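Spelled out from the first residue to the last, the chains are:
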Amino acid sequence: MFTLLFFILFGSIAVGCALAVVIQRNPLYSAISLVGVFLSLACLYVMLAAPFIAAVQVIVYAGAIMVLVIFVIMLLNVDDDEHRIKRPKHMVPAAIVFAIVLLGMTLFMINATRKALYQPPSPTTAAAAPIPGLTANIGEGLFTKYLLPFEITSLLLLMAMVGAMSLARRGALPTGARIVPGSQVLPRHLVEDTAFPDQTAVETDSTAEAAVLLGFPQTTRGNGRNEDSE
Amino acid sequence: MNVTLAFYLALSAILFTIGAAGVLLKRNVISMFMCIELMLNAVNLSFVAFSSFFRDVSGQMFVFIVMTVAAAEAAVGLGIIIAIFRNRESLDVDDANILKL
């Protein structure tokens, strides 16, 4: 009885927050609604006797990933809301077909599993059958039967780390690069890293101006002569 | 009335549908990204429900790996979003319609 009550409570919170994610026009409000979805799903995982997944859901999803998303939203400072644009006419029948397909999938899943009368696990019957979601069971599975997927996962994380660093890297000067003293003419792609093939000239009047344009740290010496890029 | 497996699967399907609709309706890249996270979470819910009702730990292994993929996706995806924003000064997906930066 309580299980049903809690399921309805957390399920409706999850659906409501998910609708808010889609309906909100400001991405920051969407992100906060998404945290609500994650937290209510974590409560559902606890109800499903999966405490480890619930904890990881809160720590990794609601903690790490959403902080990253909110960081990017703040960093890019998108204050203008989405503007409505005119959609092509053929999108409407496509959307209807897509909705019908998804609805059919839902009904099929519900119909296929309705007759399967599996009792929900409860902590009181833990002695009768082992609960699979305990941390010890997951750890055991992770290092025995699922060792290869686990190792592949670590490789994936390494690839993501290297990929993110190479994506976020600005076009940097080589280490040990020095500024030629005096006024000079620089190709634009050295000054702005977004304009890579652009070779048009940017003239500078002094060494200090060139240092600022090239992104060298500000030097205390007035003439800025032969400063290391460090 | 007990909470059966079908309840969780229905909730999962509803969340997945909302997420898919969001990906199709949204114009902002970050909002689309969040809707993809929502779809991943809906699938996670059905994995955990199956794992719990069939008393098999495999489903939760899948959830573990899906979460890792989501974290990797967040790192790389947000890097791509920042790179697009630097070049186009916009987060609208319709502005990023050429397959180059």
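In what follows, the structure referred to is the one given above.
Parameters and conventions
- Residues numbered from 1 in each chain as written.
- Chains lettered and ligands numbered in written order.
- Predicted model: local features only at pLDDT ≥ 70, side-chain atom pairs only at ≥ 80, totals over all residues.
- Helix = DSSP H or I, 4+ residues; strand = E, 2+ residues; numbered from the N terminus.
- Rg over C-alpha atoms; globule rule 2.2 N^0.38 Å.
- Buried ≥ 20, exposed ≤ 12 C-beta atoms within 10 Å, placed from the backbone.
- Contact = placed C-beta atoms within 7 Å.
- Axes fitted to C-alpha atoms, helices over the stretch in contact; angles between N-to-C directions.
- Parallel < 35°, antiparallel > 145°, perpendicular 65-115°, else oblique.
- Left-handed = near helix turned anticlockwise from the far one by under 90°.
- Nonpolar A, V, L, I, M, F, W, Y, C, P; charged D, E, K, R; others polar.

This part takes up the overall build of chain B. Within chain B, the regular secondary structure consists of 3 helices and 0 strands. Counting helices and strands in the order they occur from the N terminus, chain B gives α-α-α. Relative to its length of 101 residues, chain B is extended, with a C-alpha radius of gyration of 17 Å against a globular reference of 13 Å. Burial statistics for chain B: of 101 residues in total, 50% are counted as buried. Sequence-distant contacts in chain B: of pairs separated by 6 or more residues, those separated by 24 or more amount to 48%.

In this structure, A:Ala49 is a non-glycine residue whose phi angle is positive, near 60 degrees. Locating A:Ala49 in the fold gives a position in the loop between α2 (27-47) and α3 (51-76). One non-glycine residue with positive phi stands out, namely B:Arg55, at about 55 degrees. On the secondary structure map, B:Arg55 appears in the loop between α2 (29-54) and α3 (58-88).

Below, the discussion takes up the packing of helix α1 (residues 2-23) of chain A against α2(A). All names here are of chain A. Two numbers describe how α1 lies on α2: the axes approach to 8 Å, and their chain directions differ by 160 degrees. Judged by the inter-axis angle, α1 sits roughly antiparallel to α2. Judged by the sense of rotation from one axis to the other, the crossing of α1 with α2 is left-handed. Side by side, α1 and α2 meet where Thr3, Phe6, Phe7, Phe10, Ile13, Ala14, Cys17, Ala18, Ala20 and Val21 of the first sit next to Ser30, Ser33, Leu34, Gly36, Val37, Ser40, Leu41, Cys43, Leu44 and Met47 of the second. The class makeup of the residues in the contact of α1 with α2 is 15 nonpolar, 5 polar and no charged.

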